[in-house]
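# Chains, contacts and geometry: an overview
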Amino acid sequence: MVRPIDISDNLSKTVAAEKVNQIEKSAPDAAQRQFSLSLSDQAAERQRKTQASSKTDEAIIHREKEKEKRREKKKKKKSDKKNNQQLSIDLKA
């Protein structure tokens with residue numbers, strides 16, 4: 001036979017047991033919601049970060065540097081020619 005104290009003790013624990021059951025049932029949904037929030041936070045963070053320049057940008061910059069080097073070489077050749085001509089004129093005189 002069940003004692004009256006045991007019945008009242010069990011009845012007081014039913015509310016806690018119901019809450020535990022409800023939490024256990026909603027745990028997968030909460031985990032999925034948390035995972036979804038985590039993914040959206042990561043996506044937002046990736047959006048905020050600057051992205052590395054693409055290879056095409058590097059190629060354009062590289063081409064511009066090459067053009068500048070060629071211009072410098074041409075200028076140097078012209079100045080060398082002028083200096084050589086000046087030296088030959090000075091030697092003749």
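Residues numbered from 1 in each chain as written. Predicted model: local features only at pLDDT ≥ 70, side-chain atom pairs only at ≥ 80, totals over all residues. Heavy atoms only, no water.

### Concerning the overall build of the protein
On a plain count of helices and strands, the protein comes out with 2 helices and 0 strands. A burial count over the protein gives 0% of its 93 residues as buried. Surface summary for the protein: the accessible area is close to 9500 Å², and the carbon and sulfur share equals 56%. (Helix = DSSP H or I, 4+ residues; strand = E, 2+ residues; numbered from the N terminus. Buried < 20%, exposed > 50% of the residue type's maximum accessible area, 1.4 Å probe, protein only. Areas by Shrake-Rupley, 256 points an atom, 1.4 Å probe, with all protein chains shown as cover.)

### Thoughts on the pattern of salt bridges
On inspection of all chains with the given rule, the structure shows 2 salt bridges. Where Arg-48 meets Glu-45, a salt bridge forms, and the shortest distance between an N and an O atom there is 3.5 Å. Highlighted residues: Arg-48 and Glu-45, both in helix α1 (residues 4-48), separated by 3 residues, approximately one helical turn. A relative accessible area of 60% means that Arg-48 is categorised as exposed. Among the residues examined, Glu-45 registers a relative accessible area of 35% and is labelled partly exposed. (Salt bridge = Lys/Arg side-chain N within 4 Å of Asp/Glu carboxyl O.)

### Quick look at α1
In this model α1 runs 65 Å from its N-terminal to its C-terminal C-alpha over 45 residues, within 8% of the 66 Å that 1.5 Å per residue would give. At Ser-26, α1 shows its strongest bend, of approximately 40 degrees, with the proline Pro-28 following within four residues. (Expected span 1.5 Å × (residues − 1). Bend = angle between axes of the 7 residues up to and from the residue.)

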